[in-house]
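# Remarks on the overall topology
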Amino acid sequence: MQILVSRIFQVDDALKFPFYVNVERLKNRRNMEHYSVDGTSILKTSYCLPNVRNEDFLRLAVEDFNICQEIQREELKHLERWVAENRLDKLKFARQKSAYCYFSAAATLFSPELSEARLSWAKNGVLATVVDDFFDIGGSIEELENLIQLVEKWDVNVAFDCCSEHVKIIFLALYHTLSEIAANAFKFQGRSVLSHIVDIWLKLLNSMLREAKWIRDKSVPTMDEYVTNGVVSSGLGPIVLPALYFVGPLLSEETVCSAEYQTLFKLLGICGRLLNDIHSSEREYKEGKLHAVSLHMVLHDEALTAEESIRDISSLIYNQRRELLRLVLQKKGSAVPQACKDLFWKMSKVLHLFYMKDDGYSSQEMIHAVKAVIHEPITLYEQFHH
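If you're wondering where the values come from, they're calculated on a predicted model, not measured in any experiment.

Reading the values: the criteria
- Per chain, the residues get numbers from 1 upward, laid out in the order the sequence is written.
- Only residues with pLDDT of at least 70 get local features here, since the model is predicted, and only at 80 or more are side-chain atom pairs given and counted; chain-wide, interface and lining totals rely on the full set of residues.
- The side-chain numbers reported here are obtained from all heavy atoms of the structure, hydrogens and water having been left aside.
- We call a set of buried residues a nonpolar core when its members are Ala, Val, Leu, Ile, Met, Phe, Trp, Tyr or Cys and they connect through side-chain atoms within 4.5 Å of each other.
- Here the term buried applies to any residue with accessible area under 20% of the maximum for its type, exposed to any over 50%, and partly exposed to those in between, with areas from a 1.4 Å probe on protein chains only.
- Going along the chain from the N terminus, every DSSP run of H or I of four or more residues is numbered as a helix, and every run of E of two or more is numbered as a strand.
- Axes here refer to lines fitted to C-alpha atoms; in helices the fit is confined to the stretch in contact. Angles between the N-to-C directions go from 0 to 180 degrees.
- The scheme is simple: roughly parallel for angles under 35 degrees, roughly antiparallel for over 145, roughly perpendicular for 65 to 115, oblique for anything else.
- It is the rotation of the near helix from the far one that decides the hand of a crossing: anticlockwise by less than a right angle makes it left-handed, clockwise makes it right-handed.
- By definition, residues are in contact when any of their heavy atoms lie within 4.5 Å.
- The residue classification treats Ala, Val, Leu, Ile, Met, Phe, Trp, Tyr, Cys and Pro as nonpolar and Asp, Glu, Lys and Arg as charged. All others, Gly included, are polar.
- A pair of aromatic rings is counted whenever rings of Phe, Tyr or Trp (Trp by its six-membered ring) have centres within 6.5 Å, and the orientation is called stacked for planes under 30 degrees apart, edge-to-face for over 60 and tilted otherwise.
- Comment: the charge-over-ring label is applied if NZ (Lys) or CZ (Arg) is within 6 Å of the ring centre and within 35 degrees of the ring normal.

## As for the nonpolar core
- Among the nonpolar cores identified, the biggest contains 116 residues, and F103, L147 and W201 are the most heavily contacted of them.
- Per element, the largest residue contribution to this core is 11 residues, and it comes from helix α9 (residues 194-217).
- Ranked by size, the runner-up nonpolar core spans five residues in total, among them M32, V62, F65 and I378.

Set out below in structure tokens:
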């Protein structure tokens, strides 16, 4: 009976969480919680190791999961201290999403040795959220341009060069955090990558400024202009690209500049921008923001309904996701190391999870997933009496 229940769960789980949504750590947990200790694997022949019981496999898996959780809870505490030390919690216009940012890293990069990758991913995620809110609602055009000028100059006198306290807080957080991440990356890569990380951030800031000016000037970009800019303004560059330096392989400047690397990021960025747009279009329309759903309707002279526009954009996301997976799996002629390519696909899964039903990043939708991955250990008693 337990085997039958386990099989039913596997079918139900596959229907609820398609492969492109199923982030590893949540999948691992669900599998452990529904693991059949009485069953054997059904392949071409049924086989069970003579001296190892299924309970032993489960016990080891649960122990590993809980040990990783302990490490991740300490890293989340470190992240929260970092937020306070950089005074990011003083920016009242900004969403406080450190738990979500860290979850998105821990749910996919869960091995203990990937600590630097998780922290780079999470810190840049927090900063990208703060900057996004600053460009959306928190800052004037003068402040936005001032921030970009400071990042361009990099070594500045903040006492004289910052036009407001908000700009000062954000710039100093960027300056100290990116310098720290680059110093850690040097240990992995044997070369300085600071200029590359700063350039990633400059591209993001400029893309966000472009969108802010579109809204201020009430100008309507073409769909191509919007999506091209949105690849960068989605905020995924600072999260994913610096983390690639910490997953193991050496990344040469030639690889980072390669067409394959750029295409992987472009496909991911399109998915991220459009997923966000179709799941937040109602809210963003009320706030007067540009988004792909309304632009696609304008392109068709308002002949499309919002539902039809969303359907067309969903089809585009499907095609971009499929091409991303093809590139990730491609072996022949690939310049980007597999561990790095996998990271693009992992982020794609995270995006699809957050936007499964709604804009999960801006709501409380994901709080249960955060608890399952980081805060709630698995107990063996529950599994043996499931």
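## Comments concerning the packing of helix α3 (residues 54-85) against helix α4 (residues 98-106)
- Where α3 meets α4, the axes come as close as 10 Å, and the angle between the chain directions of the two elements is 140°. When the axis of α3 is compared with that of α4, the two are oblique. Both α3 and α4 take part in a crossing whose hand is right-handed. Contacts between α3 and α4 pair Q72, E75, L76, L79, E80 and V83 from the former with S98, A99, Y102 and A106 from the latter.
- Of the residues assigned to the contact of α3 with α4, the class counts are six nonpolar, two polar and two charged.

## Points about unusual backbone geometry
- One non-glycine residue, W154, adopts positive backbone phi at about 70°.
- Position of W154 among the secondary structure elements: in the loop between α6 (141-153) and α7 (158-161).
- Here W154 falls in the buried class, since its relative accessible area comes to 10%.

## Some remarks on the packing of α9 against helix α11 (residues 236-243)
- Packing of α9 against α11 leaves a shortest axis separation of 9 Å and a crossing angle of 165°. On the basis of the axis angle, α9 is roughly antiparallel to α11. Judged by the sense of rotation from one axis to the other, the crossing of α9 with α11 is right-handed. Two secondary-structure elements touch here, α9 through I197, I200, W201 and L204 and α11 through G237, P238, L241 and P242.

## Things to note about the packing of aromatic side chains
- Summed over all chains, the structure comprises 11 aromatic pairs.
- Centroid distance W154 to F171: 6.1 Å. Interplanar angle 80°. Geometry classified as edge-to-face. Pair noted here: W154 is in the loop between α6 and α7 and F171 is in helix α8 (residues 165-189), with a separation of 17 residues, a long-range link.
- Looking at F171, the relative accessible area reads 1%, which means it is buried.
- Their ring planes at 40° and their centres at 5.9 Å tell us that F171 and Y175 sit as a pair that is tilted. One end of the pair is F171 and the other is Y175, both in helix α8 and four residues apart, which spans about a single turn.
- A network of ring pairs unites the aromatic residues F19, Y20 and W345 as a single cluster.
- Directly above the ring of Y20 sits R321, whose terminal nitrogen or CZ lies 3.6 Å from the centroid.

## Describing the environment of H166
- Positionally, H166 belongs in helix α8.
- A C-alpha to C-alpha distance of 8.6 Å links H166 and G138, two positions 28 residues apart in sequence.
- Excluding its chain neighbours within four sequence positions, the residues that come into contact with H166 are L91, F93, F134, G138 and E143.

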